[in-house]
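Structure at a glance
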Amino acid sequence: MSLATLVLLADGRLPSGGHAHSGGLEPQIAAGRVRDIRELDGFLRGRLATGGLVSAAFAAAACGDVGRAAELDAGLDARTPSPALRRASRAQGRALLRAGRAMWRLASLPSREPHQPVALGALASAAGLTPVEAAVAAAHGTISGSAGAAVRLLGLDPYAVHALLARLAPECDRIAALAARRHGDPVDDLPAAGAPLLDIGAEHHATWEVRLFAS
């Protein structure tokens, strides 16, 4: 295991386009569901338990066997009912592959625009990381991006937001470990937790003429 490589892969400064996405937070703020640090806490915990678990499981599965990329990609399509979220995931996957090719020798994937967790797993595999480490990077990414967006959208104290991320670290590790244990399961048996409000919010958000984030 290389801790430095894991940190590099999970770093929000990785040029993979993640900074342009709020993880569904922007429409929830507009709807009045997230207004302060306490409500951000609830939002991030919900993200971890749903999209975080799914992303971590699929990243771990792709890391464990990149040859499963096509079926994992199809499995994520089935778990992402919102067309807007499917487009956002694939856009981030494409950008992640571009960044990854500059750093490591990547295995050939069947799609040039895989879902983000599949691309993340492929990068983790190329970097010599394990499925559980890929899962940690995926789970962390589902909350760190939204947390950063909250600072910009709500004007929250960045120190308070990072303190919240620190409190969520044990839960992030728990979700990642749970997901990684499933990395060898058939695609249909992998986690499929959903968040209907995020799906609905994403479709509304895609129609806005003015928005700060792509999703």
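Here goes a summary of the coordinates provided. (Residues numbered from 1 in each chain as written. Predicted model: local features only at pLDDT ≥ 70, side-chain atom pairs only at ≥ 80, totals over all residues. Heavy atoms only, no water.)

1. Side note on the environment of Asp 188
Positionally, Asp 188 belongs in the loop between α8 (158-180) and α9 (196-205). Sequence-wise, Asp 188 and Glu 71 are 117 residues apart; in three dimensions their C-alpha atoms are separated by 9.6 Å. (Helix = DSSP H or I, 4+ residues; strand = E, 2+ residues; numbered from the N terminus.)

2. Notes on the packing of helix α5 (residues 83-103) against helix α6 (residues 116-126)
At a minimum axis separation of 7 Å, α5 and α6 run at an interaxial angle of 20 degrees. In terms of axis orientation, α5 runs roughly parallel to α6. The handedness of the crossing between α5 and α6 is left-handed. Every residue of α6 that contacts α5 at Ser 89, Gln 92, Gly 93, Leu 96, Leu 97 and Gly 100 is listed here: Gln 116, Pro 117, Ala 119, Leu 120 and Leu 123. For the contact of α5 with α6, the class distribution of residues is six nonpolar, five polar and no charged. (Axes fitted to C-alpha atoms, helices over the stretch in contact; angles between N-to-C directions. Parallel < 35°, antiparallel > 145°, perpendicular 65-115°, else oblique. Left-handed = near helix turned anticlockwise from the far one by under 90°. Contact = heavy atoms within 4.5 Å. Nonpolar A, V, L, I, M, F, W, Y, C, P; charged D, E, K, R; others polar.)

3. What about helix α4 (residues 69-78)?
Listed as buried for α4 are Ala 69, Leu 72, Asp 73, Gly 75 and Leu 76. Buried residues of α4, viewed axially, fall in a sector of 160 degrees; they line one side. Summarising the contacts, the buried residues of α4 are in contact with α3 (37-64), α5 and α6. (Buried < 20%, exposed > 50% of the residue type's maximum accessible area, 1.4 Å probe, protein only. Arc of directions from axis to C-beta.)

4. Regarding the side chain of Glu 26
Residue position: Glu 26 is located in helix α2 (residues 25-30). Here Glu 26 sits buried without a salt bridge, and the closest side chain of opposite charge, Arg 211, lies 6.3 Å off (N-O distance). From its side chain, Glu 26 meets the backbone nitrogen of Leu 212 in a polar contact 2.8 Å long. Those residues within four positions of Glu 26 in sequence are excluded, and the remaining contacts are Leu 153, His 205, Trp 208, Arg 211, Leu 212 and Phe 213. (Lys, Arg positive; Asp, Glu negative; His and termini not counted. Salt bridge = Lys/Arg side-chain N within 4 Å of Asp/Glu carboxyl O. Polar contact = N/O pair within 3.5 Å; in protein donor to acceptor, adjacent residues only side chain to side chain.)

5. Thoughts on the pattern of salt bridges
In this structure the tally under the stated criterion is ten salt bridges. Residues Arg 13 and Asp 11 are paired through a salt bridge, measuring 3.0 Å at the closest nitrogen-oxygen approach. Classification of Arg 13 as exposed rests on a relative accessible area of 73%. Residue classification places Asp 11 among the partly exposed positions, given a relative accessible area of 25%.

6. Describing the side chain of Ser 82
Tracing the backbone shows Ser 82 in the loop between α4 and α5. Take Ser 82: its relative accessible area is 2%, and that puts it in the buried class.

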